[in-house]
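Structure at a glance
Chain by chain, the residues run as shown.
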There are 2 protein chains.
Amino acid sequence: MLSFVGLGLCDTESITLQGKRAIEKADHVFAEFYTSRLLDANADILEQFYETTIDICGRAEVEQDPTAILDAAETGEAAFLTAGDTMISTTHTDLRLRAMERGIETRIIHGVTAQTAASGLTGLQNYRFGKSVTLPFPENHGATGVPPSVCDSIDSNRSRGLHTLVYLDIKAAQDKYMTATTAATLLADSIEDTLGVVVARAGSPSPTVAAERLSTLASMEFGDPLHLVVIPASLHHLEADALSALTNASPQLIDDYRE
Amino acid sequence: MLSFVGLGLCDTESITLQGKRAIEKADHVFAEFYTSRLLDANADILEQFYETTIDICGRAEVEQDPTAILDAAETGEAAFLTAGDTMISTTHTDLRLRAMERGIETRIIHGVTAQTAASGLTGLQNYRFGKSVTLPFPENHGATGVPPSVCDSIDSNRSRGLHTLVYLDIKAAQDKYMTATTAATLLADSIEDTLGVVVARAGSPSPTVAAERLSTLASMEFGDPLHLVVIPASLHHLEADALSALTNASPQLIDDYRE
């Protein structure tokens, strides 16, 4: 059996009771932290919490040759852990299909996602979000600034009155996480200088939410990673009231976007 | 302090460790199950699990006069529980703002959502979903069939290559939950007879996933609620492979939608 277990966002307390039980029952525990990571717990902390050894897999061990994971799942109970929900990344669907091809039973134990948290923490309504995008480090898409596909998605969402959740690039191997400051700088140069909402450390006990024009966010600091940015379309009155109450945004700025 | 706690999707095991701790610490526990409910646990089961009394609030006690909740949060630790994540419904953002107006500290303890689960269970990629919609019972929008706004959102998403998550109406007071069978019947009459994906009991140990044309889904049964429907756009090759592996869909049907 291969159990895909989402750890949630922050620390050892962010997992579900069902997920914790699956890890405790597993004969072999694997994890990957290259697609995301927990805000306040690393592999050592997880190993201490579960009093077990956790095999941390790099990209190659998950995507090219996951034989060790599949062998363990074929002969016993294996758990594969990721931050957030395990099936948000395409790569884990691929791993699940490889397991099924070998006749291995699989199950998904879902986790809390940054998408859910971003909506809840900002008061921006879930059903008013369009397609989400990822903003890559410029050096990673072989160009400068923001890829046209990201600008197109934001524009297309806004023209339909929909918010855009912008995930920020992660280079876990180099311990490098794009900050909202960098993201706002890039976006202010590529789309108009519109309202942006930053969510820092979503899922932690003390998340930060800020709403300002992108050019203003570009000169602010938001502390430790992970960060997210939302580019809102116009604001429903309750969304405007929520952003006013939950951030230090000027009433004038919020009113400019109020429907 | 008012803690908004998401219970997740299925039963007493679906909550996070952090959420469980918040309930155990609370002086007063409130819950509402009119926006959603757990698949396999009711208020009695929760009360036994937590060895506490839970005040179940109707719509009026949350949306019109939440004085009891706010009074409890002002004088002690109050927890407000919902299925899934607590901030998916607009109404809970409103309750949070009312609490803040009274100077009450609030926090959100996120839960797993049906949206996360639907993406993970189908292999349809999270970043390829557009705006989601809710399909109401025809008698509740004063007309027959599917509201034009729902058809428009599905069409608009598909024209951009994006999937649509269709939440199905809930009338918890009457214990009435729209089935995927009903939804497929309504949708087959209102949009073209396209590929639909049903997810029944997302977040439970034995979720059902089916992919067929809407007219076929309209003649199938999917067991106990809750159900969801996804109307996919074209399928990325990994999405097509996932739907083939995870459902009984004919290879021909899947290939018709493969990019």
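Let me sum up the structure you'll find in this document.

Basis of the calculations
Residues numbered from 1 in each chain as written. Chains lettered and ligands numbered in written order. Predicted model: local features only at pLDDT ≥ 70, side-chain atom pairs only at ≥ 80, totals over all residues. Heavy atoms only, no water. Helix = DSSP H or I, 4+ residues; strand = E, 2+ residues; numbered from the N terminus. Buried < 20%, exposed > 50% of the residue type's maximum accessible area, 1.4 Å probe, protein only. Polar contact = N/O pair within 3.5 Å; in protein donor to acceptor, adjacent residues only side chain to side chain. Contact = heavy atoms within 4.5 Å. Axes fitted to C-alpha atoms, helices over the stretch in contact; angles between N-to-C directions. Parallel < 35°, antiparallel > 145°, perpendicular 65-115°, else oblique. Left-handed = near helix turned anticlockwise from the far one by under 90°. Nonpolar A, V, L, I, M, F, W, Y, C, P; charged D, E, K, R; others polar. Salt bridge = Lys/Arg side-chain N within 4 Å of Asp/Glu carboxyl O. Pairing = 2+ DSSP bridges. Least-squares fit on C-alpha atoms with pLDDT ≥ 70 in both. Core = buried A, V, L, I, M, F, W, Y, C linked by side-chain atoms within 4.5 Å.

Looking at the side chain of A:Thr122
Residue and element names in this part refer to chain A.
- Topologically, Thr122 is positioned in helix 6 (residues 114-122).
- On the basis of relative accessible area, Thr122 is assigned to the buried category, the value being 0%.
- At a separation of 2.7 Å, a polar atom in the side chain of Thr122 contacts the main-chain carbonyl oxygen of Ala118.
- A distance of 3.1 Å separates a polar side-chain atom of Thr122 from the backbone nitrogen of Leu124.
- When neighbours within four sequence positions are excluded, Thr122 is seen to be in contact with Val197, Val199, Val209, Ala242, Leu243 and Leu246.

Concerning the packing of helix 10 (residues 237-246) of chain A against helix 5 (residues 90-101) of chain B
- The contact between helix 10 of chain A and helix 5 of chain B brings their axes to 10 Å, and the two run at 40 degrees. What the angle tells us is that helix 10 of chain A and helix 5 of chain B run oblique. Two packed elements cross with a definite hand, and for helix 10 of chain A against helix 5 of chain B that hand is left-handed. Every residue of helix 5 of chain B that contacts helix 10 of chain A at A:Leu238, A:Asp241, A:Ala242, A:Ala245 and A:Leu246 is listed here: B:Thr90, B:Thr93, B:Asp94, B:Arg96, B:Leu97 and B:Met100.
- Per-class residue counts for the contact of helix 10 of chain A with helix 5 of chain B are 6 nonpolar, 2 polar and 3 charged.

Section: unusual backbone geometry
All names here are of chain A.
- Put simply, Pro225 and Leu226 share a cis peptide bond, and its omega is 5 degrees.
- Here Leu226 is to be found in the loop between helix 9 (214-217) and strand 12 (227-231).
- The phi dihedral of Arg201 falls on the positive side, at around 60 degrees, and the residue is not glycine.
- On the secondary structure map, Arg201 appears in the loop between strand 10 (195-200) and strand 11 (208-213).

A closer look at the interface of chain A and chain B
- The interface of chain A with chain B comprises 50 residues on the first partner and 50 residues on the second.
- Counting across the interface, chain A meets chain B through 2 salt bridges.
- Across the pair A:Glu13 and B:Arg21 runs a salt bridge, and its minimum N-O distance is 2.8 Å.
- For the pair chain A and chain B, the interface holds 16 residue pairs in polar contact (both at pLDDT 80 or more).
- For the side of chain A that touches chain B, the secondary-structure elements that each account for two or more residues are helix 1 (17-25), helix 5 (90-101), helix 6, helix 7 (148-159) and helix 10 of chain A.
- Of the residues that constitute the side of chain A that touches chain B, the class distribution is 19 nonpolar, 22 polar and 9 charged.

Things to note about the sheet that holds strand 11 (residues 208-213) of chain B
Residue and element names in this part refer to chain B.
- With mixed pairing, 5 strands are arranged side by side in an open sheet as 6-7-12-10-11. In this open sheet, the two edge strands, each paired with only one partner strand, are strand 6 (133-135) and strand 11. Neighbour-to-neighbour, the strand axes of the sheet open up by a mean angle of 25 degrees, direction not taken into account.
- Examined bridge by bridge, strand 6 and strand 7 (residues 164-168) share 3 bridges and lie parallel to one another. Each residue of the ladder has a partner; that of Thr134, found in strand 7, is Tyr167.
- On the sheet, helix 7 (residues 148-159) packs against strand 6, strand 7 and strand 12 (227-231) and is oriented at approximately 155 degrees with respect to strand 7.
- In the packing of helix 8 (residues 180-190) onto the sheet, contacts are made with strand 6, strand 7, strand 10 (195-200) and strand 12, and the angle to strand 12 comes to roughly 35 degrees.

Focus: the relation of the copies chain A and chain B
- Overlaying chain A on chain B yields an RMSD of 0.0 Å, the required transformation being a rotation through 180 degrees with an accompanying axial translation of 0.0 Å. Considering both components of the superposition, the chain copies are consistent with a two-fold axis. Closest to the rotation axis within chain A is the C-alpha of A:Thr16, separated from it by 1.9 Å.
- Same-surface contact between copies: 100% of interface residues of chain A are shared with the interface of chain B.

Quick word on the sheet that holds strand 5 (residues 106-109) of chain B
Residue and element names in this part refer to chain B.
- Spatial strand order, 3-2-4-1-5: 5 strands in an open sheet with parallel pairing. Pairing within the sheet leaves two strands with one partner each, and these edge strands are strand 3 (54-56) and strand 5. Strand-to-strand twist across the sheet, computed as the mean angle between neighbouring axes with direction ignored, equals 25 degrees.
- Two strands pair when backbone bridges link them, and strand 2 (residues 28-31) and strand 4 (residues 78-82) are joined in this way by 4 bridges, in the parallel orientation. Bridge pairing links His28 to Ala78 in strand 4.

Observations concerning the pattern of salt bridges
Residues and elements named next belong to chain A.
- Applying the stated criterion across every chain, the model contains 32 salt bridges over all chains.
- A salt bridge links Asp94 to Arg98; its shortest N-O distance comes to 3.3 Å. Linking Asp94 with Arg98, this pair stays in helix 5, spanning 4 residues, or about one helical turn.
- You can call Asp94 partly exposed: its relative accessible area is 24%.

Section: the nonpolar core
- Residues A:Leu2, A:Phe80, A:Leu235, B:Leu2, B:Phe80 and B:Leu235 are the most contacted members of the largest nonpolar core, which totals 82 residues.
- Here A:Leu235 is in contact with A:Leu124, A:Arg128, A:His163, A:Leu195, A:Ala240, A:Leu243, A:Ile254, A:Tyr257, A:Arg258 and A:Glu259, once residues within four sequence places are set aside.
- Residues A:Val5, B:Ile23, B:Ala31 and B:Ala41 belong to the second largest nonpolar core, which totals 38 residues.

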